[in-house]
Each structure stands twice: as C-alpha cells, then as structure tokens.
Amino acid sequence: MSAFDIAVVGAGPAGIAAACRAAENGARVVVIDDNPAPGGQIWRGEKSEPWIERFKRSGAVLERDTAVDERVRQRGAKLILATGARELFLPFPGWTLPGVTGVGGLQALIKSGLAVKGMRVVIAGSGPLLLAAASLARSKGAVVRLVAEQAPGGRVTGFAGALWRHPGKALQGAELILTLIGVRYDAGCFVEEACGEGQVEHVRVRRGERAWEEKCDLLAVGFGLVPNTELAALLGCDLDSGFVRTGDWQQTSVPGVYAAGELTGIGGVEKSLVEGEIAGLAAAGREADAERLFSRRASWKRFAARLQSAFALEPVLKKLAREDTCVCRCEDVPLSELKGRASWREAKLQTRCGMGSCQGRICGAATREILGWGADSVRPPAFPTKVRNLIESKSS
Amino acid sequence: MPERIRIIVDGRELHVDRGVTVAAAMMNAGIRAFRQSVSGEARGPLCGMGVCMECRVTINREPHCRSCQTLCEDGMEVQTR
C-alpha cells in the first residue's frame, strides 16, 4: 500500500506541471528529485518562476533523493517519470581540460553560484541553448568572445523565420537577441580543439578551410540533449528511437507508469510543461481536462521537430576526436582503443569504456554518435549509491 | 545579502555565500583541478548537473561526492584527493 497516489520522479518543468495538476485535483503526490532545489536544470530553484510558486502551494511533497532502481515504483499507486535530459558531448582534442564545460553545464554552474564577471567565455555547439547560455553569462559580467553555432547560417535563419508559428517563442527569441547585441554569433563554425596547460586557455575554431584561435577562460560546448531514460528502461518501459514511447495520456507501455518531458522527445520547456500537465491530470483521473491540452501538445511537438531538423549535427563534428583523444572520461579510454570494436559490450569487456562512475552516461551517447554503437542496457542501481542505501531498502 | 559561511578546501579557508554549491565555490576560488583521472589528468566540472561525475570530491570524509549537487555548509571540509 503506497502512502501516495502518485509519485513523480524529477522536479523540472514536466514533473512540476504533473505534480501541480494532480495535487490540485486532490491526489496525494510526492516528487523525488536529487537537485538542491526544485525547477530542474532550466529553472534551478529560481524563486521568480510562477510554476515553482504554484508547485509550493499545490500540496505536493518534495523529497530530495536519487531514484536508483525499480523500487521507486512502490512509492505511489501511479508513477510519472519526468527525468529530463542531459547534454550530448562529442569528444574533441582538449575536451577533458578543466574549464571546458557543457553549455547547459555553464548555465547550471552560474545558477549555482559560479562568478563569471570579467571571464572570457566561448560558447560552441548547436541550438538555442547556446544563446540562452550566452545571455546568462553576459548578464553576470562575462565577456562572451564568440558563440559558435555548427548549423549553417541558412538553417538557422530558416528556423528563426518560422518562429511566427509560435508567437511566444518569437518574442522570447527577440528578447534574447536584444541581450546579445555586440556579441559575435557565427553560424557554420565549430571548436575543433581546446588547448592550455592544466586548464583551457584558448580554442581553435574552424569554418570550412579557415581556422583561427580565440583566447578564453571557459569554453562551454553542447551539441544537443540526450534523454535520461535509464529509470524508464529499468522499469521495463518500451523505448522508440532512444525515447520513452508514450500514448495519448502520456502513459508508457507499463501499466500505471507515465512519462513526460524531454525523455519522450527533446522539445524544450513548453512541450515538457504541457506533457506534464496531461500526465498529471490523466494519472489523477481527469482525462477530460487532459484532452483539452492535446492541441497545445501537438503544436509544441511540431516546434520540436523544426528544432531537430534546423540544428541537426554536421557529420564533421563526429570526426573531431583524434586517435589519442579520450572518449571515456571515467576510465580514460582513447578513441584508438575503441575503433574496430563491434559493440558497446565488446568495448566494455576489452577496454572498460563505460564502466566508470558515470555508468556510460557521457561516453555511451558519444560512442553512439561517433562509432555507431552505444550503451544498450541498464542495470540497477541506475545511479551510483552507497551500499548502505541498498541494504537498508532491500531489508525494509 | 546572503549569509557568509566558511568551507575548507584542501586546508584552505574559503568564505562563500550560503546557497552556493561546492563546485561553484571552488571554481570561484580559482580551483580548476577537482580530481585526478585514472591516468593522472586534472579534471573539473563538465555537466554541472550531477551526471558526469567529473567534479567529485571528498566532503566531510565521504569520498565521491558530486560537488555540483552539494550546497556549501558552514565548516564543511573538502578534499580534492
């Protein structure tokens, strides 16, 4: 017998929206999240965010914990997975140097107190997240030397030109661009190497035949997002092209288990919110209310599809790693040891690639992109935990 | 103004605002090498959101703590090796 009607894993936009809609309809809701504050990576506890305010008033209980295995299913009669996404990293020479972070990583670090005033920052990779990170860094006093977008200029302007279909997004984009006047934004270029002694000091940027150096104190790189499907896979939810497969009510293939947000398809905060709302309403038995949100969800899914095609990765980015470039950062496995392996499993057995403490979260996605194979199975615990925790909960 | 608290990193005293993570506090103090990789390379925070484990340090004698997911607490002792 669960103490809660609904357990939600993840307190980002999807999880918060799900929890609000369910709790506001009388369900007893617990939300499990391992971050210091609710809001996920995008809001990271921002006090001004209305959804976080609403969440605090909703009656849902927030519990700081890491859901490591299938026992989370026992926490509520129904379970909503809203485990979000992490960044995709593609290995390139120098990417292991301190001072090289993710693009979302830089945002997360700034929001958790990193002072960037006066620091020279290069932001590289792909997608609107680059602009959001540049805007945040600049607002905190960083000198943003360059925003290097890998997608060719034509694709970027085509995407921006289609934003009228989503007026809210067009306005957001315009506001963002106003904060970036004077910052150099170059499309069709990428960072091919990070250099420095003990930390990043400069990067080599390339566009076609031309390459140049940019000095920097921090390099933020991000090539898109990878869904966090580990827990869903452990629970037996069917995946489709790497994402959790969901139906009209955001239900997964496992009865009583729902999924919402980036883990069902990368699409940003609005798609996550509306999917979360639908999941929360459906799990609380309010299907009729959920159904009214279907058209909004469809609209944000179309936006997601545009985003994916506009910022699809150029093949050259998957060939930046050299023979001696580290691919698995936990076990220090270079590309030369991985080339020619038939599968993720063979690589693990022969090289320890993917067997370190991130459990293949970084190199699994990277090898899928650059070598055509990648992490294919999940074993509990889905996240490193203390033996004490496993013993305590097994015996309880 | 946020309350100022004190943490100790490798014997060095840092004064930080309450609400800041250990990773941010260390980077603000100029620390870039958070751990040594298995082949001895210096590594620091990459993902910033608790996934990559590159920022792990020993906090109050507990090894392998993710500094990016841990808020500073007054008197906290941090070791990078």
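In what follows, the structure referred to is the one given above.
As the structure is a computational prediction, the values presented were derived from the model and not from experiment.

Undergrad: How do you make sense of the overall build of chain B when you look at a structure like this?
TA: A count of helices and strands for chain B gives one helix and seven strands. Each helix and strand of chain B, placed in order from N terminus to C terminus, yields the pattern β-β-α-β-β-β-β-β. Its C-alpha radius of gyration of 12 Å places chain B within 12% of the 12 Å reference for a compact globule of 81 residues. Its C-alpha atoms give chain B principal-axis dimensions of roughly 40 × 25 × 20 Å. Out of the 81 residues belonging to chain B, those deemed buried represent 57%. For chain B, restricting intrachain contacts to residue pairs at least 6 apart in sequence, the fraction spanning at least 24 positions comes to 34%. With the model as given, the accessible surface of chain B reaches about 3700 Å², and the carbon-plus-sulfur share is 46%. Side chains of chain B give 11 positive and 10 negative charges; the mean places of these two sets differ by 5 Å.

Undergrad: How should the packing of helix 1 (residues 13-24) of chain A against helix 9 (residues 269-283) of chain A be read in this particular structure?
TA: For any two helices packed against each other, the geometry comes down to the angle between their axes and how far apart the axes lie. All names here are of chain A. Interaxial distance between helix 1 and helix 9 falls to 7 Å at its minimum, and their mutual angle equals 30°. By crossing handedness, the relation of helix 1 to helix 9 is classed as right-handed. Touching Pro 13, Ala 14, Ala 17, Ala 18, Arg 21 and Ala 22 of helix 1 are Val 269, Ser 272, Leu 273, Gly 276, Glu 277, Gly 280 and Leu 281, all from helix 9. The residue inventory of the contact of helix 1 with helix 9, partitioned by class, reads eight nonpolar, three polar and two charged.

Undergrad: Would you explain the pairing of strand 4 (residues 76-81) of chain A in this entry?
TA: In regular strands, side chains alternate between the two faces of the sheet. All names here are of chain A. Relative to strand 4, strand 1 (residues 4-9) runs parallel, the two sharing five bridges. Residue pairing for strand 4: Ala 7 is matched across the bridge by Leu 79. Sheet analysis places strand 4 next to strand 17 (residues 257-259), joined by three bridges and oriented parallel. If you follow Leu 81 over to strand 17, its bridge partner there is Ala 259.

Undergrad: So what exactly am I meant to see when it comes to the pattern of salt bridges here?
TA: Charged atoms that come close allow side chains of opposite charge to pair. All names here are of chain A. One pass over the structure, following the stated rule, counts 34 salt bridges over all chains. A salt bridge links Arg 145 to Glu 214; its shortest N-O distance comes to 3.6 Å. Note that Arg 145 is positioned in strand 8 (residues 143-149) and Glu 214 in strand 12 (residues 210-215), a separation of 69 residues in sequence. With relative accessibility at 33%, the residue Arg 145 sits in the partly exposed group. Given the relative accessible area of 6%, Glu 214 is considered buried. We note a salt bridge from Arg 322 to Glu 193, for which the minimum N-O separation is 3.2 Å. Of the two residues, Arg 322 is situated in the loop between helix 11 (294-310) and strand 18 (326-328) and Glu 193 in strand 10 (residues 190-195); the sequence distance between them amounts to 129 residues.

Undergrad: What am I meant to see in the interface of chain B and chain A here?
TA: How big an interface is tends to be expressed through the accessible area that disappears when the partners come together. Residue-level contacts link 32 residues of chain B with 41 residues of chain A. When the area that chain B buries against chain A is broken down by residue, the three leading residues are Arg 32, Leu 46 and Met 49 of chain B, summing to 25%. Inspection of the region where chain B meets chain A yields three salt bridges. In this structure, Asp 34 of chain A and Arg 66 of chain B form a salt bridge, with 3.3 Å as the shortest nitrogen-oxygen distance. Elements with a contribution of two residues or more to the side of chain B that touches chain A: helix 1 (22-28), strand 4 (42-43) and strand 6 (62-66) of chain B. The leading source of residues in the side of chain B that touches chain A is helix 1 of chain B, at four residues. Residues belonging to the side of chain B that touches chain A are distributed by class as follows: 15 nonpolar, nine polar and eight charged.

Conventions we followed
Residues numbered from 1 in each chain as written. Chains lettered and ligands numbered in written order. Predicted model: local features only at pLDDT ≥ 70, side-chain atom pairs only at ≥ 80, totals over all residues. Heavy atoms only, no water. Helix = DSSP H or I, 4+ residues; strand = E, 2+ residues; numbered from the N terminus. Rg over C-alpha atoms; globule rule 2.2 N^0.38 Å. Buried < 20%, exposed > 50% of the residue type's maximum accessible area, 1.4 Å probe, protein only. Contact = heavy atoms within 4.5 Å. Areas by Shrake-Rupley, 256 points an atom, 1.4 Å probe, with all protein chains shown as cover. Lys, Arg positive; Asp, Glu negative; His and termini not counted. Charge placed at Lys NZ, Arg CZ, Asp CG, Glu CD. Axes fitted to C-alpha atoms, helices over the stretch in contact; angles between N-to-C directions. Left-handed = near helix turned anticlockwise from the far one by under 90°. Nonpolar A, V, L, I, M, F, W, Y, C, P; charged D, E, K, R; others polar. Pairing = 2+ DSSP bridges. Salt bridge = Lys/Arg side-chain N within 4 Å of Asp/Glu carboxyl O. Buried area = accessible area lost by both parts, 1.4 Å probe.

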